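An overview of the molecular structure
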Amino acid sequence: MRSIYFLYIFLIYFCFGFFILEARELSIKQIEERKQADLKRLKEREKRGNKKFSKEITLSTKLIFLSMERKTPPVLSNLDPILDDEGFYGVKLAIEDNLTTGRFVGHDYKAEFHRVLLDENLKSEFQKLLNQGNKLFIVDLNEKELKTLFETSNSEEIIIFNVRSKADSLRNENCKKNLLHVPPSYSMLSDALTQYLVKKKWNKWFLVTGPDENDRKYADALKKSAKKFNIKIKKEKVWDFSADLRRTAGKEVPIFTKGEKYDVLVVADEKGEFGEYLTYRTWDPRPIVGTQGLTPTSWHRTHEQWGATQMQNRFRRESGRWMKEVDYHAWTAVRSIGEAITRTSSNEVKDIREYLLGEKFGLGAYKGVKVSFRSWNGQMRQPILLAAPRSMVSVSPQEGYIHPDSELDTMGKDQPESTCKF
Amino acid sequence: MIKFIFCLFLIFVAKTSFANLAYITNEKDNTVSIIDIKKNKVIKTVEVGQRPRGIIMSKDGKLVLICASDDDRVEVREAKTLKLKYYLPSGPDPELFILSPDEETLYIANEDDAMVTVVDMNDKMIIDDIPVGVEPEGMGLTNDGKVLVNTSETTNMAHFIDTSTLDISENVLVDARPRVAMFTPNDEEVWVSAEIGGTVKVINPSTKEVTHTIGFEIPGVNEESIQPVGVQHTKDGKYTFVALGPANRIAVIDQKTKELIKYLLVGQRVWQLAFTPDQKTLLTTNGVSNDVSIIDVDKLKVKKSVKVGRFPWGVVISPES
């Protein structure tokens, strides 16, 4: 008799556990189930005979995804795995999307993935690719590496899509006619964040900058935004302790932040060397914003509006991990090329560039409004997400920031301020 | 005699109490709100499957079909009580669907797998999957049920499907993120709204040519927030109503000349629309303000708004009994 009760209890636990698994986001189990169901249906479909509508292929386009092998940095957080495939699945998914459209209009797409290894030379490898006649490049490189690409010959008749660097100089004094930028620049990110902080009336900042060059660039952009939106930076400090903070943060951070009057602690620490350890440890109870805490970004795992849930699910099903910013940029770049080719029925560099920088281009990229390119510097204009680690807080531009052409141009360098000359 | 009058009274009560109920799916609440349109009030809220979006009704008003997107299936419920009768299979993430005129076939757009799934209503089985563009959504059907138009949000196309062979006959490029396809009552045109493109394209279904592109300009409203989604035509061929999303307005368009007549201010982020059977009233779902606006079609005025659950998405109205 007793054993039956045990069975009941077991059953109840089993059911309960099952319900816990049924979260709103797809669990790994659900994704697996969907994969299985997809496979099963695919087989059944094959049995019924192929139904694919396809036109004869009239246009074939090849893209190159170029990235570099990197030295593994010291592990600073045990939470996030260090990825060496950023961008790959973004390109893969976008190629599939382009092919779906292409199938109906007779356009074919192909992507080749090239990774420059640590002991190889980027410039010569790139020259090889140019010599092979490749014209469309999706490039996952930093500012310095991007600049070396332009030291090669024949780099005029190609288009390069930057999917990583946020450096403002590439959008201004070092801009190039054939270099398009999908990632928001540091100044776009800082303006997006500042607009929100102004709305919250958090006008007094304590700015902490990390030791890296990128951190300084981020901080510079923040300072410019502060000036633009009339924010007072009460205190500025550089974090130059190199110790691993996991055990000592409780002692270091209160002293570091003591004695200042400010509303928010603004942090520029892209690698996350110390930013993560500021929260809950400041002398006064203050929120953290910037590269940690409330973060301005182009993509985040908490983003689910405007169809983003579909994108997140598709990406996770394909890759088994969350979509990162570079993945999103790569997806957007490849889809932009696809859109230009679909609309113009041409894969000539000249036509693609003209269409992308023209007024007609607009891509649905899960941001609620269309994204497009600024004709004066090749930067993609886009809404910026303001995300906390586990919730989407807001999306900039904030209400009330108006612009004669596009409210998206209230973030980053607008045409009159831009120093880019093609 | 008294008995007879009482009976008449009962019939009258029964009739009015059944007619003109609106069913609203609340995407983030996993519920359906039932509104009595005469009283402009929510009379009942019922829990349904996860992430309910598209909702339709059988012609006799007895069955309600709901896309439970996160459950990857379609729920069939009794209209009166909303009691679950059975599930229908679908592909992953069903979003919008449409019933054939004989109500024997259901065509479902599955947002997650680039397929239109065809389901036999009698066998409750999937007959076929038709590969379409990425993120299929809008579904329009001619009166005779011979031509199905599906829109794909990321591929930016309207796919014309021959329902006798379940094959795509033609693909028409439209503007970015097409959400809804709706045939005019005479089947001579199909209107396709493009949310990100900000336009409505009018396509001639026999030549597959775009005959008109309708754009919108609202003083004081940013161009980017004008995002057409829901489209409804009046049967008399006079008006077409287009929901403009975060512009918080309904555009009233002359169905013949395609000229704009008026904008009606409704709740925030308006998506789907439905007429009452007499076509005198139009209901809109306003996702962000969490309410439903009720519009007087003759006067072209918003009468009232009714609070419902979180993120109201789809709406269907029961036929006159």
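Criteria and thresholds
Residues numbered from 1 in each chain as written. Chains lettered and ligands numbered in written order. Predicted model: local features only at pLDDT ≥ 70, side-chain atom pairs only at ≥ 80, totals over all residues. Helix = DSSP H or I, 4+ residues; strand = E, 2+ residues; numbered from the N terminus. Buried ≥ 20, exposed ≤ 12 C-beta atoms within 10 Å, placed from the backbone. Contact = placed C-beta atoms within 7 Å. Rg over C-alpha atoms; globule rule 2.2 N^0.38 Å. Domains from an automatic or database assignment. Nonpolar A, V, L, I, M, F, W, Y, C, P; charged D, E, K, R; others polar. Pairing = 2+ DSSP bridges. Axes fitted to C-alpha atoms, helices over the stretch in contact; angles between N-to-C directions. Core = buried A, V, L, I, M, F, W, Y, C linked by C-beta atoms within 7 Å. Parallel < 35°, antiparallel > 145°, perpendicular 65-115°, else oblique. Left-handed = near helix turned anticlockwise from the far one by under 90°.

A few words on the overall build of chain A. A count of helices and strands for chain A gives 11 helices and 14 strands. Classification of the 422 residues of chain A by burial places 43% in the buried group. A sequence separation of at least 24 residues applies to 68% of the contacts in chain A between residues at least 6 apart.

Now for the overall build of chain B. In terms of regular secondary structure, chain B is built from 1 helix and 28 strands. What you see for chain B is a C-alpha radius of gyration of 19 Å, in line with the 20 Å of a compact globule of 321 residues. By principal-axis analysis of the C-alpha atoms, chain B measures approximately 65 × 50 × 35 Å. Residue burial in chain B is summarised as follows: out of 321 residues, 55% are buried. Sequence-distant contacts, at least 24 apart, represent 41% of the contacts inside chain B between residues at least 6 apart.

Residues and elements named next belong to chain A. Split into domains, chain A comes out as domain 1 (59–184 + 300–382) and domain 2 (187–297). The C-alpha centroid of domain 2 is placed 30 Å from the C-alpha centroid of domain 1. Facing 9 residues of domain 1, the contacting portion of domain 2 comprises 10 residues. When grouped by side-chain class, the residues that make up the side of domain 1 that touches domain 2 number 4 nonpolar, 2 polar and 3 charged.

Further remarks concern the sheet that holds strand β22 (residues 249–254) of chain B. Residue and element names in this part refer to chain B. In spatial order, the strands read β20-β21-β22-β23; together these 4 strands make up an open sheet with antiparallel pairing. Each having just a single partner strand, β20 (231–233) and β23 (260–265) make up the two edges of the open sheet. Between one strand axis and the next, the sheet turns by 20 degrees as a mean value, whatever way the strands run. The pairing of strand β21 (residues 239–243) with β22 spans 5 bridges and is antiparallel. Counted as the bridge partner of Thr 240 is Ile 253 from β22.

Okay, the environment of A:Thr309 next. All names here are of chain A. Mapped onto the secondary structure, Thr 309 falls in helix α9 (residues 308–319). Classification of Thr 309 by C-beta neighbours within 10 Å gives buried; the count is 21. Spatially, the C-alpha atom of Thr 309 lies 8.9 Å from that of Tyr 366, the residues being 57 residues apart in sequence.

Chain B puts 27 residues into the contact, and the matching count from chain A is 24 residues. Elements supplying a minimum of two residues to the side of chain B that touches chain A: β11 (125–131) and β15 (167–173) of chain B. A per-element tally of the side of chain B that touches chain A places β15(B) first, with 4 residues. Tallied by class, the residues present in the side of chain B that touches chain A amount to 10 nonpolar, 6 polar and 11 charged.

Once that is clear, we can look at the pairing of strand β7 (residues 84–89) of chain B. Residues and elements named next belong to chain B. The pairing of strand β6 (residues 73–78) with β7 spans 5 bridges and is classified as antiparallel. Note on β7: the bridge partner recorded for Val 74 is Leu 88. Here β6 folds back onto β7 in antiparallel fashion, the turn holding 5 residues, of which Leu 82 has a positive phi close to 60 degrees.

With that settled, the discussion passes to unusual backbone geometry. Note the cis peptide between A:Ser396 and A:Pro397, where omega equals 10 degrees. Mapped onto the elements of the fold, A:Pro397 is located in the segment after β14 (391–396). One non-glycine residue, A:Asn230, lies in positive phi territory at about 60 degrees. Along the chain, the position of A:Asn230 falls in the loop between α7 (213–228) and β7 (232–238). At B:Gln279, a residue that is not glycine, the phi angle is positive and equals roughly 60 degrees. By the secondary structure assignment, B:Gln279 is in the loop between β24 (270–275) and β25 (281–286). Owing to 16 C-beta atoms within 10 Å, B:Gln279 belongs among the partly exposed residues under this scheme.

Time to look at the nonpolar core. In this structure, A:Phe137, A:Ile138, A:Phe161, A:Val334, B:Tyr23, B:Phe97 and B:Ile250 are the most contacted members of the largest nonpolar core, which totals 146 residues. For this core, the element with the most residues is helix α10 (residues 325–344) of chain A, which contributes 9 residues. Formed by 38 residues, the second largest nonpolar core is a distinct cluster that contains A:Ala192, A:Tyr196, A:Val267 and A:Phe274.

What follows is about the packing of helix α6 (residues 186–199) of chain A against α7(A). Residues and elements named next belong to chain A. It is at 8 Å that the axes of α6 and α7 come closest, and there the two elements cross at 50 degrees. Between α6 and α7, the crossing angle belongs to the class labelled oblique. For α6 against α7, the interelement crossing comes out right-handed. Contact with α6, carried on its side by Tyr 186, Ser 187, Ser 190, Asp 191 and Thr 194, involves Lys 217, Tyr 218, Ala 221, Leu 222, Lys 224, Ser 225 and Ala 226 of α7 and no other residues of that element. A per-class count over the contact of α6 with α7 returns 5 nonpolar, 4 polar and 3 charged.

Consecutive side chains of a regular strand alternate in pointing toward one face of the sheet and then the other. Residue and element names in this part refer to chain A. For strand β13 (residues 384–388), the tally of buried residues reaches 4 of 5 residues, placing the bulk of the element in the interior. In this structure, strand β10 (residues 295–297) lies alongside β13, joined through 3 bridges in antiparallel fashion. Each residue of the ladder has a partner; that of Thr 295, found in β13, is Ala 387. Of the strand pairs in this sheet, β13 and β14 are connected by 5 bridges, and their pairing is antiparallel. Note that in β14 the partner of Ala 388 across the bridge is Ser 391. Linking β13 to β14, which pair antiparallel, is a turn of 2 residues.

Let us look at the sheet that holds strand β6 (residues 204–209) of chain A. Strand pairing in a sheet relies on backbone hydrogen bonds. The paired strands run either parallel or antiparallel. All names here are of chain A. A sheet is described by the order of its strands in space; here 4 strands give the open sequence β7-β6-β8-β9, paired in parallel fashion. Looking at the sheet topology across the chains shown, the edges are occupied by β7 and β9 (288–290). Each neighbouring strand pair of the sheet contributes to a mean axis angle of 30 degrees, computed without reference to strand direction. Of the strand pairs in this sheet, β6 and strand β8 (residues 264–268) are connected by 5 bridges, and their pairing is parallel. For Leu 207, the partnering residue across the bridge sits in β8 and is Val 266. Most of the contacts of α7 go to β6, to which it runs at about 165 degrees, and overall it touches β6, β7 and β8.

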